[in-house]
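Residue strings, one per chain:
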Amino acid sequence: MAKIIAISNQKGGVGKTTTAVNLAACLGFLGKKTLIVDADPQGNATSGVAIDKSKVKFSTYDILVEGAKAEQCIITTPYDNLHILPSSINLAAAELEIVEKNHREALLKNALLPIKQYYDFIIIDCPPSLGLITTNALTVADTFLVPIQCEYYALEGLSQLMSTVRRIKRQYNDSIELEGVLLTMYDGRLNLTQQVVEEVKKFFPRKVFGTVVPRGVRLSEAPSFGMPVIYYDKSCKGSQAYLTLAKEIAEKER
């Protein structure tokens, strides 16, 4: 039975999609059957695993708006043990289209629960907002993982995310927990990085992953080839970081 992890932070540019794609690919690489759910209208997780968005027939949009079954929408990627439920540009309008629906917060949950038994992990790439799509992701998730970049405004908006999670816990999903906080774009040479790390650890005591994701050219290049970094350059620091993170998460499940 899959563990469902939502990757969420309403702040853009923090490495959210990079984390969703590379964590999922590394879990697959470790032999875990893994599904990425691309719930971001930008669809970068979809193109990041070599799926041509223009050729996608059924997407997360069809699940939320048309009531499609997950099985109809899932695509096998070229990578080990990795499937994707792709996104499409239509998803940008989905929030307006589902606002009147009954149990609108549970549309994704209703689609994912029947397929949960076929996977070890389901990783949801949330949009950079706290709207209805993110609410759907957090309603079905067992845990949520927060990527935070090691920059000056790192903690900005996080109290808003945490209060959204508290509301969802109260109303829709009383068992959701914080999987952990992942520090991204890490550069140990900078004093600012050390300050941010200390601040994040104060804000989230005992919940910051031991693994940090460094800045890296290979990590930035990989998506343009439609490749998770572990398949693009297995020996680079970014690959090693995400592989260690995947091991950390898989180990916890054992």
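Structure: above.
What counts and how
Residues numbered from 1 in each chain as written. Predicted model: local features only at pLDDT ≥ 70, side-chain atom pairs only at ≥ 80, totals over all residues. Heavy atoms only, no water. Axes fitted to C-alpha atoms, helices over the stretch in contact; angles between N-to-C directions. Helix = DSSP H or I, 4+ residues; strand = E, 2+ residues; numbered from the N terminus. Parallel < 35°, antiparallel > 145°, perpendicular 65-115°, else oblique. Left-handed = near helix turned anticlockwise from the far one by under 90°. Contact = heavy atoms within 4.5 Å. Nonpolar A, V, L, I, M, F, W, Y, C, P; charged D, E, K, R; others polar. 1 Å grid on protein atoms, 1.4 Å probe; cavity = no way out; pocket = protein on both sides within 12 Å on 5 of 7 lines; lining within 4 Å. Points joined across faces, edges and corners; volume = space filled by probe spheres on them. Patch = residues over 30% accessible without salt bridge, like charges linked within 9 Å, V, L, I, M, F, W, Y side chains within 5 Å. Areas by Shrake-Rupley, 256 points an atom, 1.4 Å probe, with all protein chains shown as cover. Salt bridge = Lys/Arg side-chain N within 4 Å of Asp/Glu carboxyl O. Buried < 20%, exposed > 50% of the residue type's maximum accessible area, 1.4 Å probe, protein only. Phe/Tyr/Trp six-rings, centres within 6.5 Å; stacked < 30°, edge-to-face > 60°. Expected span 1.5 Å × (residues − 1). Arc of directions from axis to C-beta. Pairing = 2+ DSSP bridges.

(A) Fine view of the packing of helix H7 (residues 132-140) against helix H8 (residues 158-171). With their axes 10 Å apart at the nearest point, H7 and H8 run at an angle of 55° to one another. Put simply, H7 runs oblique to H8. For the pair H7 and H8, the crossing hand works out as right-handed. Taken together, the residues of H8 that come into contact with H7 (itself represented by Thr135, Leu138 and Thr139) are Thr164, Val165, Arg167 and Ile168. When the residues that make up the contact of H7 with H8 are grouped by side-chain class, the tally is three nonpolar, three polar and one charged.

(B) Representation of the layout of surface pockets. Approximately 210 Å³ is the volume found for the largest pocket. Per-class residue counts for the lining of the largest pocket are six nonpolar, five polar and one charged. Lining the second largest pocket, in full, are Lys11, Gly12, Gly13, Val14, Gly15, Lys16, Thr17, Thr18, Asp40, Gln42, Asn44 and Pro128. Sorting elements by how many residues they give to the lining of the second largest pocket places helix H1 (residues 16-29) first, with three residues. Grouping the amino acids of the lining of the second largest pocket by side-chain chemistry returns two nonpolar, seven polar and three charged.

(C) Fine view of a nonpolar patch on the surface. A surface patch of nonpolar side chains, about 450 Å² in accessible area, is lined by Tyr152, Tyr153, Leu190 and Leu192. Along the chain, Tyr152 falls in the loop between strand E6 (143-149) and H8. Judged by its relative accessible area of 62%, Tyr152 falls in the exposed class.

(D) Structural context of the packing of aromatic side chains. The tally for this structure, following the rule as stated, stands at five aromatic pairs. Between Phe29 and Tyr231, the ring centres sit 6.1 Å apart and the planes meet at 85°, which makes this aromatic pair edge-to-face. Placement of Phe29 in helix H1 and of Tyr231 in helix H11 (residues 229-232) is noted, with a sequence separation of 202 residues between them. The class for Phe29 is partly exposed, based on a relative accessible area of 29%. Measuring from ring centre to ring centre gives 4.9 Å for Phe203 and Phe204, while their planes differ by 65°; the resulting arrangement is edge-to-face.

(E) Examining helix H9 (residues 191-203) more closely. The terminal C-alpha atoms of H9, which comprises 13 residues, lie 19 Å apart, in line with the 18 Å expected from a rise of 1.5 Å per residue. When H9 is considered as a whole, its buried residues turn out to be Thr193, Val196, Val197 and Val200. Take H9 and look down its axis: the buried residues cluster within an arc of 100°, on one side only. Seen from the buried face of H9, the exposed residues on the opposite side, beyond 90 degrees, are Asn191, Glu198 and Lys202. In this fold, the buried residues of H9 make contact with E6, strand E7 (177-186) and strand E8 (208-214).

(F) Geometry of unusual backbone geometry. Positive phi values are uncommon outside glycine, yet Asn81 reaches one of about 55°. Along the chain, Asn81 turns up in the loop between strand E3 (75-76) and strand E4 (82-85). On the basis of relative accessibility, which here comes to 37%, the residue Asn81 falls in the partly exposed class. Non-glycine residue Met185 carries a positive phi angle of around 55°. In this fold, Met185 is placed in strand E7.

(G) Fine view of the pattern of salt bridges. Scanning the entire structure with this criterion turns up 11 salt bridges. One salt bridge connects Asp233 with Arg218, and the closest N-O pair in it is separated by 2.9 Å. In this pair, Asp233 sits in the loop between H11 and helix H12 (237-253) while Arg218 sits in helix H10 (residues 217-221), placing the two residues 15 residues apart along the sequence. Relative accessible area serves as the criterion here: at 17%, Asp233 is assigned to the buried category. The structure contains a network of salt bridges with shared partners spanning Lys3, Glu179 and Lys252.

(H) Molecular detail of the sheet that holds E7. With mixed pairing, eight strands are arranged side by side in an open sheet as E3-E4-E2-E5-E1-E6-E7-E8. Every interior strand has two partners, whereas the edge strands, E3 and E8, have only one. Note that strand E1 (residues 3-7) and strand E5 (residues 121-125) share five bridges and pair parallel. Across the sheet, residue Ile4 finds its bridge partner in E5, namely Ile122. On the sheet, H1 packs against E1, strand E2 (34-38), E4, E5, E6 and E7 and is oriented at approximately 165° with respect to E5. Sitting on the sheet, H7 touches E1, E5 and E6, and the angle it makes with E1 is about 150°.

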